[in-house]
Protein chains: 2
Amino acid sequence: MSADSPWLTDEQQRVWRDWLQATALLPVALHAQLQADSDLSFPDFEVLSELSEVEGRQMRVGDLARALQWERSRVSHHVKRMEARGLVRREECASDGRGAQVVVTAGGRRSIERAAPGHARTVRRLMFEPLSAREVALLGEVLSGLVSRLREEDERPR
Amino acid sequence: MSADSPWLTDEQQRVWRDWLQATALLPVALHAQLQADSDLSFPDFEVLSELSEVEGRQMRVGDLARALQWERSRVSHHVKRMEARGLVRREECASDGRGAQVVVTAGGRRSIERAAPGHARTVRRLMFEPLSAREVALLGEVLSGLVSRLREEDERPR
DNA sequence: CCAAGATTGGTGATGTGTCAATCACTTCGC
DNA sequence: GCGAAGTGATTGACACATCACCAATCTTGG
């Protein structure tokens, strides 16, 4: 698979491997930190972060899905598990009978407050502090280009 | 969570979001391409790639795990599923009674041969071709630094 | 008003990944 | 040789993600 078709140059090959490695290992590191400081998984943390940023610490399922860029059903499943662990609560929505509000519980709030500082520190330590300002800027450009290509790709009728 | 503790600068915030986005969307794009050309998932593809590179297209479970940097049990589960779909076969190992060889079947070989060119094209198109040589080089440096920090992190007694 | 269609959220099935435990075999120290 | 420890691989339980589908509700054109 390396000689027959034009695969990747050696350098590209190295970069690609490192990309795969990094994208595999970073979640592991973040998960480990979250577990050390709290009982949250990374997805739990994302949900609670999003909810914590709004007035009342609650949000409709669909809005949460849009904010996180998750599928609705993923939110639904995940919220169910989080509810079972007492991190959030579901409430009926007054204005729309179909709707559901996801509300952070006191326990959920405690968890994310315990987890957040270490999480921030870990992201900074692993990802940003070792980079120069120029590197951060360039990485940003590369990633934002990549993201926009990936979004097009995603929209694309197949 | 943004004002109280020193979280991330606005720029870092943006880069971080794009990182998360990119690492979420790229697998989706690769998966879509693989499904279009073959019946393989990305992990299937990784397994078959690794196996295809060695003499006899077969490997011990543990060696496969090391090559892919997967947990043994992940390999075991995954190989079982692939075996059910006729992509690989397990064989007893002659030299070590505990061991098992994972062998690519004819069907597995057909699948990866159908999938590989499109996969390579997709990686190049999305990841590399839009980047300048300098960007590739810099991305490479950033990633390899990140990977080595993550590896240390992973070793670290906790 | 009301039937048709869209939207919201949830469910079950399936595939995937981790962890802890287990089983079978090998190796090592005596 | 032989028991203890180590190693290779599998398993089961669970967390997570996606997909296809469904029920309830809302909205809208006639």
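Under an unreviewed UniProt entry, the name given to chain A is MarR family transcriptional regulator, and the organism recorded is Nocardioides silvaticus.

J.: Help me get a handle on the protein's contact with DNA strand C, residues and values and all.
T.: Near DNA strand C there are 23 residues, and of these Gly62, Arg72, His77, Arg90 and Arg98 of chain A occur at the shortest range. Of everything in DNA strand C that lies within 4 Å of the protein, sugar and phosphate atoms constitute 63%. Within the side chain of Ser73 of chain B, one N or O atom sits 2.9 Å away from a base nitrogen of DNA strand C. Within the side chain of Arg81 of chain B, one N or O atom sits 3.1 Å away from a phosphate oxygen of DNA strand C.

J.: Break down the nonpolar core for me, with residues and values.
T.: One finds Trp16, Trp19 and Met127 of chain A together with Trp16, Trp19 and Met127 of chain B to be the most contacted residues of the largest nonpolar core, which totals 94 residues. With residues up to four places along the chain from it excluded, the contact list for Trp16 of chain A reads Trp7 and Leu8 of chain A together with Leu26, Leu30, Val123, Met127 and Phe128 of chain B.

J.: Break down helix H5 (residues 106-128) of chain B for me, citing the residues and quoting the values.
T.: The end-to-end C-alpha distance of H5 of chain B is 32 Å, a good match for the 33 Å that 23 residues give at a rise of 1.5 Å each. At Ala116 of chain B, H5 of chain B shows its maximal bend, which comes to roughly 35°, and the proline Pro117 of chain B appears one to four places after that position.

J.: Which residues make up the interface of chain A and chain B, and what values do they have?
T.: In many reports, interface size means the accessible area that the parts give up when they come together. Each side of the interface is counted separately: chain A has 55 residues, and chain B has 55 residues. Both faces considered, chain A and chain B share a buried interface measuring about 5,600 Å² in area, 74% of it formed by carbon and sulfur atoms. If you look at where chain A meets chain B, you find 2 salt bridges. Among the ionic pairs, Glu153 of chain B bridges to Arg125 of chain A, the shortest N-O distance being 3.0 Å. Our count for the chain A to chain B interface comes out at 8 residue pairs in polar contact (both at pLDDT 80 or more).

J.: Before we move on, can you summarise the environment of Arg125 of chain B with the specific residues and values?
T.: By the secondary structure assignment, Arg125 of chain B is in helix H5. The partly exposed category is assigned to Arg125 of chain B, whose relative accessible area is 33%. Sequence spacing of Arg125 of chain B and His78 of chain B is 47 residues, and the spatial spacing of their C-alpha atoms is 29 Å. A distance of 3.0 Å separates polar atoms of two side chains, one belonging to Arg125 of chain B and the other to Glu153 of chain A.

J.: Describe the relation of the copies chain A and chain B, naming the residues involved and giving the relevant values.
T.: In the superposition of chain A on chain B (RMSD 0.1 Å, axial shift 0.0 Å), the rotation amounts to 180°. In short, the pair behaves as if placed about a two-fold rotation axis. When the interface residues of chain A are mapped onto chain B, 100% of them again lie at the interface, so the same face is used by both copies.

J.: How would you explain the protein's contact with DNA strand D if you had to name every residue and give the values?
T.: Around DNA strand D sit 23 residues, and of these Arg74 and Gly97 of chain A together with Gly62, His77 and Arg90 of chain B come closest. Taking the atoms of DNA strand D that fall within 4 Å of the protein, sugar and phosphate contribute 62% of them. Between DNA strand D and Ser73 of chain A, the relevant distance is 2.9 Å, taken from a base nitrogen to a side-chain nitrogen or oxygen of the residue. Residue His77 of chain A places a side-chain N or O atom 3.3 Å away from a base oxygen belonging to DNA strand D.

J.: Go over the sheet that holds strand E1 (residues 58-60) of chain B, please, and point to the residues and values.
T.: Strand pairing in a sheet relies on backbone hydrogen bonds. The paired strands run either parallel or antiparallel. All names here are of chain B. Taken in spatial order, the 3 strands line up as E1-E3-E2 in an open sheet, and their pairing is antiparallel. Looking at the sheet topology across the chains shown, the edges are occupied by E1 and strand E2 (88-92). Recorded for the sheet is a direction-independent mean angle of 25° between the axes of neighbouring strands. Both E1 and strand E3 (residues 100-104) contribute to a ladder of 3 bridges, which runs antiparallel. Bridge assignment links Arg60 to a residue of E3, and that residue is Gln101. Where helix H3 (residues 61-68) meets the sheet, its contacts fall on E1 and E3, and the angle it forms with E1 comes to roughly 95°.

Rules behind the numbers
The residue count restarts for each chain, going from 1 along the sequence in the order it is written. Ligands are numbered from 1 and chains lettered from A, in the order in which they are written. Whole-chain, interface and lining totals are the exception, using all residues; otherwise, since this is a predicted model, local features are given only for residues with pLDDT of at least 70 and side-chain atom pairs are given and counted only at 80 or more. Side-chain metrics rest on all non-hydrogen atoms present in the structure, leaving aside hydrogens and water. Near residues are defined by distance, with any heavy atom within 4 Å of the molecule or strand qualifying the residue. Identification of polar contacts relies on pairs of N or O atoms within 3.5 Å, with a donor-acceptor requirement for protein atoms, meaning one able to donate a hydrogen and the other able to accept it, and with residues adjacent in sequence counted only if both atoms are side-chain atoms. To qualify as a nonpolar core, a set must consist of buried Ala, Val, Leu, Ile, Met, Phe, Trp, Tyr and Cys residues joined through side-chain atoms within 4.5 Å. Only protein chains enter the accessibility calculation, which uses a 1.4 Å probe; a residue whose area is less than 20% of its type maximum is buried, one above 50% is exposed, and one in between is partly exposed. Two residues qualify as a contact provided that any one of their heavy atoms is within 4.5 Å of a heavy atom in the partner residue. Elements are defined by DSSP. Helices are runs of H or I of four residues or more, strands are runs of E of two residues or more, and each kind is numbered from the N terminus. The span one expects for a helix is its residue count, reduced by one, times 1.5 Å. Bend is computed residue by residue as the angle between axes fitted to the seven residues ending at the residue and the seven residues starting at it. A 1.4 Å probe defines the accessible area here, and the buried area is the portion of it lost by two parts on being joined, summed over both. Should a side-chain nitrogen of Lys or Arg be within 4 Å of a carboxyl oxygen of Asp or Glu, the pair is scored as a salt bridge. Residues below a pLDDT of 70 in either copy are left out; the C-alpha atoms of the rest, at least 70 in both, set the least-squares superposition of the copies. The pairing criterion is simple: DSSP has to find at least two bridges between the two strands. For every element, the axis is a line fit to its C-alpha atoms; helices are fit only across the contacting stretch, and the angle between N-to-C directions ranges from 0 to 180 degrees.

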